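# Inside the fold
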Amino acid sequence: MKRGLAFAWIMAMIMASGCGQTGDTLAEAKERGDITVGFANEKPYAYKTADGELTGEAVEIARVILERLGIQEMRGELTEFSSLIAGLQAKRFDIVTAGMFINAERCEAVAFANPEYSIGEAIAVKKGNPLNIKSYEDIANHDTAKVAVMAGAVEIGYLEKSGVSKERMVIVQDQDAAINALQSGRADVMTMTGPALQSRLDTAQDPNIERVTDFEQPVIDGQDVRGYGATAFRKEDTAFREAFNAELEKMKESGELLEILQQFGFTEEELPGDATAEELCKP
């Protein structure tokens, strides 16, 4: 009988504990007053300053929206870019604020909010552009040129479809490693999105490296490449994503979105327009 009573008590405790776990990330974050976000320390999207402050366009847009949703504190979980989706799925953090591009493959794993910006690609080379590299095709057509690119970044696919073999790619973990590869001569070119590359060059202040201003945007599968970045949610967090989207739309209409983007080197041309995650997720 005692065993039966003990078993009943244990089951009651388990059920009581389960009732307190709603599985509603937004509701739970509002109740706590805080949330953990995944980021990859990539300027200008999401990074920590020298004094440890978490900032960047994706972070500051999310900060405003989350505060309006009743979540006052944001904590950052630094993660390699290529591990952000896995970390989100494993619940190491609640959302990804890393300026991550929306594409069909990623949409199979996570649910994106509507885009907050749209941008093209860029490259940097040694001063004077000694290899005369002005496009991804130029890298592919050169006998020895190597390009530094971040692990998990969309540029890897663009390079491959432009004819650049994996053997000619120097895969690095972050922006610092990319510029170091270029400075040390391990790579002849580095590539990332326009604002990210410009921000990194502005920080490095290296007179021996320059951006290729007449870079030709890659044409992939017959289409000019333009990426759209957004906050990522777990698939089951539908209510959270919809609430986030509603506040993001208000920021677009008021001009507040552009004001935040401009703080990080974006212009009106980088606004996302009427693009939605739904249409960008289509193969």
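Structure first, text after, so check above.
Residues numbered from 1 in each chain as written. Predicted model: local features only at pLDDT ≥ 70, side-chain atom pairs only at ≥ 80, totals over all residues. Heavy atoms only, no water.

### As for the environment of Lys161
In plain terms, the rule: Where helices and strands are cited, they refer to DSSP runs of H or I of at least four residues and of E of at least two residues respectively, numbered from the N terminus. Exposure classes here rest on a 1.4 Å probe applied to the protein chains alone. A residue is buried below 20% of its type maximum, exposed above 50%, and partly exposed in between. By definition, residues are in contact when any of their heavy atoms lie within 4.5 Å. Pairs of N or O atoms within 3.5 Å make up the polar contacts considered here, provided that, within protein, one atom can donate a hydrogen while the other can accept it, and that residues adjacent in sequence are counted only when both atoms are side-chain atoms.
Within the fold, Lys161 resides in helix H7 (residues 155-161). For Lys161, a relative accessible area of 55% translates into the label exposed. With 137 residues separating them along the chain, Lys161 and Asp24 place their C-alpha atoms 40 Å apart. Sequence-distant contacts of Lys161, defined by excluding residues within four places in its chain, comprise Ile220 and Asp221. At 2.7 Å, the side chain of Lys161 and the side chain of Asp221 are in polar contact.

### Brief notes about the nonpolar core
Our working rule: Each nonpolar core is a collection of buried residues, namely Ala, Val, Leu, Ile, Met, Phe, Trp, Tyr and Cys, held together in the definition by side-chain atoms within 4.5 Å.
Grouped together as the largest cluster of nonpolar side chains are 71 residues, with contacts concentrated most on Ile61, Leu66, Ile139, Leu159, Met190 and Phe240. Ranked by the residues each element gives to this core, the list is headed by helix H3 (residues 57-68), at six residues. Judged by nonpolar contacts, the second largest core, of 16 residues, contains Phe93, Ile102, Phe112 and Ala230.

### With respect to the packing of H3 against helix H10 (residues 238-254)
When two helices pack together, their arrangement is given by the angle between the helix axes and the distance between those axes. How we decide: Lines fitted to the C-alpha atoms define the axes, with helices restricted to the stretch that makes contact. Angles between their N-to-C directions range from 0 to 180 degrees. Just so you know how the angles are binned, under 35 degrees is roughly parallel, over 145 roughly antiparallel, 65 to 115 roughly perpendicular, and the rest oblique. Helix crossings are classified by the rotation of the near helix relative to the far one: an anticlockwise turn of less than a right angle makes the crossing left-handed, while a clockwise turn makes it right-handed. Following the grouping adopted for this structure description, the nonpolar residues are Ala, Val, Leu, Ile, Met, Phe, Trp, Tyr, Cys and Pro, the charged ones are Asp, Glu, Lys and Arg, and the polar ones are all others, Gly among them.
Packing of H3 against H10 leaves a shortest axis separation of 10 Å and a crossing angle of 110°. The angle between the axes of H3 and H10 places the two elements in the roughly perpendicular class. In this structure, the crossing between H3 and H10 has a hand that is right-handed. Residues Ile61, Ala62, Val64, Ile65, Leu66 and Arg68 of H3 form the contact with H10, whose participating residues are Phe240, Phe244, Glu247, Leu248 and Met251. In terms of residue class, the contact of H3 with H10 is built from nine nonpolar, no polar and two charged.

### Structural notes on the state of the cysteines
Heads up, the rule is: Put simply, a disulfide is two cysteine sulfurs that come within 2.5 Å.
For the coordinates displayed, the defined rule picks out one disulfide. Between the sulfur atoms of Cys107 and its disulfide mate Cys281 the distance is 1.9 Å. Sign of the S-S torsion, about -70° for the bond between Cys107 and Cys281, identifies this disulfide as left-handed. A residue pair is termed long-range when its members are at least 10 positions apart, and Cys107 in helix H5 (residues 104-107) and Cys281 in the segment after helix H12 (277-280) qualify at 174 residues. When its relative accessible area of 22% is taken as the criterion, Cys281 is described as partly exposed.

### A look at the packing of aromatic side chains
Selection rule: Any Phe, Tyr or Trp ring, taking Trp's six-membered ring, that has another such ring centre within 6.5 Å forms a pair; planes under 30 degrees apart are called stacked, those over 60 apart edge-to-face, and the others tilted.
Tallied over the full model, the rule gives seven aromatic pairs. A centroid spacing of 6.4 Å and a plane angle of 50° characterise the contact between Phe101 and Tyr117, whose relative ring orientation is tilted. Here the residue Phe101 occupies a position in strand E5 (residues 95-101), and Tyr117 occupies one in strand E7 (residues 117-119), the gap between them amounting to 16 residues. By relative accessible area, which is 0% here, Tyr117 ends up buried. When the ring of Phe233 is compared with that of Phe244, the centres are 5.4 Å apart and the planes differ by 70°; the resulting orientation is edge-to-face. In this pair, Phe233 is assigned in strand E15 (residues 227-233) and Phe244 in helix H10, connecting sequence segments eleven residues apart. When its relative accessible area of 0% is taken as the criterion, Phe244 is described as buried. Among the aromatic residues, those joined into a ring-pair cluster are Tyr45, Phe101, Tyr117 and Phe266.

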